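Per-entry structural report
One-letter residues, chain by chain:
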Amino acid sequence: IQEMMKKIVSKLKNHTDSKVKFPISDIEKECLAGLVNNREPTIHDVIGFTDGVAIPVNCSDDPLEQLTYYNGYHHDTTVNNVLCFAPTGKIIYAAINQPGSWHDSHVAQQLITLVVAYIGIYKICVDQGFPRSGELHNKFVGPLSTKFITTITLIYNTRT
């Protein structure tokens with residue numbers, strides 16, 4: 001089994017389709033956006049979907065390491081991972097095994113750099129764990145939070 005695993009890993013390392021690669025060319029991005037638009041006609045220019053996932057890990061004997069991997073939101077020792085999927089299901093960005101105390105937006109810093117540099121007119125769908133203002137306005141898109149909708153509704157209702 002070990003020898004077989006070595007052969008598989010060796011093949012995958014050198015196979016183009018197995019690489020995690022953010023789409024750079026406009027043709028790639030246009031094709032991905034077309035897949036989303038074909039499925040959901042009201043959604044335009046979205047080429048990927050990003051979310052974070054915290055995975056529980058064993059506690060450390062080292063108090064500093066334990067503190068680094070402790071995730072207060074989950075009340076557990078975790079590693080934080082951020083993945084971006086193309087509509088084909090292929091992973092186009094991955095940040096894995098980051099300290100559990102890090103927020104998704106911190107873990108995704110390299111993704112943010114890629115998006116700012118290469119996304120152009122296209123967008124990545126994200127949840128509220130990711131920034132969507134400043135240089136990421138209209139690049140990271142997603143649903144509005146209930147709190148935001150409530151606030152806007154209250155403001156609107158007080159003006160009418």
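Further up the page is the structure itself.
What you are looking at is a predicted structure, and each value in this text was computed from that prediction instead of being measured. (Residues numbered from 1 in each chain as written. Predicted model: local features only at pLDDT ≥ 70, side-chain atom pairs only at ≥ 80, totals over all residues. Heavy atoms only, no water.)

Our next topic: the pairing of strand 4 (residues 91–99). Here strand 3 (residues 76–85) runs beside strand 4; their pairing, made up of six bridges, is antiparallel. Looking at the pairing, Asn80 lines up with Gln98 of strand 4. Counting the residues between successive antiparallel strands, the hairpin from strand 3 to strand 4 contains five residues, one of them, Gly89, with a positive phi of roughly 95°. (Pairing = 2+ DSSP bridges. Helix = DSSP H or I, 4+ residues; strand = E, 2+ residues; numbered from the N terminus.)

On to a nonpolar patch on the surface, then. Side chains of Ile1, Met4, Met5, Ile8 and Leu12 sit close together on the surface and give an oily, nonpolar patch of about 550 Å² of accessible area. As for its position among the elements, Leu12 is in helix 1 (residues 2–14). (Patch = residues over 30% accessible without salt bridge, like charges linked within 9 Å, V, L, I, M, F, W, Y side chains within 5 Å. Areas by Shrake-Rupley, 256 points an atom, 1.4 Å probe, with all protein chains shown as cover. Salt bridge = Lys/Arg side-chain N within 4 Å of Asp/Glu carboxyl O.)

Attention now goes to the pattern of salt bridges. According to the stated counting rule, one finds four salt bridges in the structure shown. The residue Lys21 makes a salt bridge to Glu28 at a minimum N-O spacing of 3.5 Å. By relative accessible area, Lys21 is classed as partly exposed at 45%. On the basis of relative accessibility, which here comes to 31%, the residue Glu28 falls in the partly exposed class. For Asp26, the salt bridge identified is with Lys29, shortest N-O distance 3.6 Å. Taken as a pair, Asp26 and Lys29 lie in helix 2 (residues 26–39) at a separation of three residues, close to a single helical turn. Since its relative accessible area comes to 53%, Asp26 is described here as exposed. Accessibility expressed as a relative area gives 2% for Lys29, which makes it buried. (Buried < 20%, exposed > 50% of the residue type's maximum accessible area, 1.4 Å probe, protein only.)

To continue, consider the nonpolar core. Of all hydrophobic cores here, the largest spans 22 residues; its most connected members are Phe22, Ile47, Leu111, Val115, Ile119, Ile124 and Phe140. Put simply, the parts of the chain that give this core at least two residues each are helix 2, strand 3, strand 4 and helix 5 (109–118). Excluding residues within four positions of it along the chain, Phe140 makes contact with Leu111, Ile112, Val115, Ile124, Val126, Phe130, Pro131 and Arg132. (Core = buried A, V, L, I, M, F, W, Y, C linked by side-chain atoms within 4.5 Å. Contact = heavy atoms within 4.5 Å.)

Time to look at the packing of aromatic side chains. Evaluation of the coordinates by the stated rule reveals one aromatic pair. Ring geometry for Phe130 against Phe140: centres 6.2 Å apart, planes inclined by 85°, an arrangement best described as edge-to-face. One end of the pair, Phe130, is in the loop between strand 5 (123–125) and strand 6 (140–141); the other, Phe140, is in strand 6, with 10 residues separating them in the sequence. Neither Phe130 nor Phe140 differs from the other in exposure class; each is buried. (Phe/Tyr/Trp six-rings, centres within 6.5 Å; stacked < 30°, edge-to-face > 60°.)

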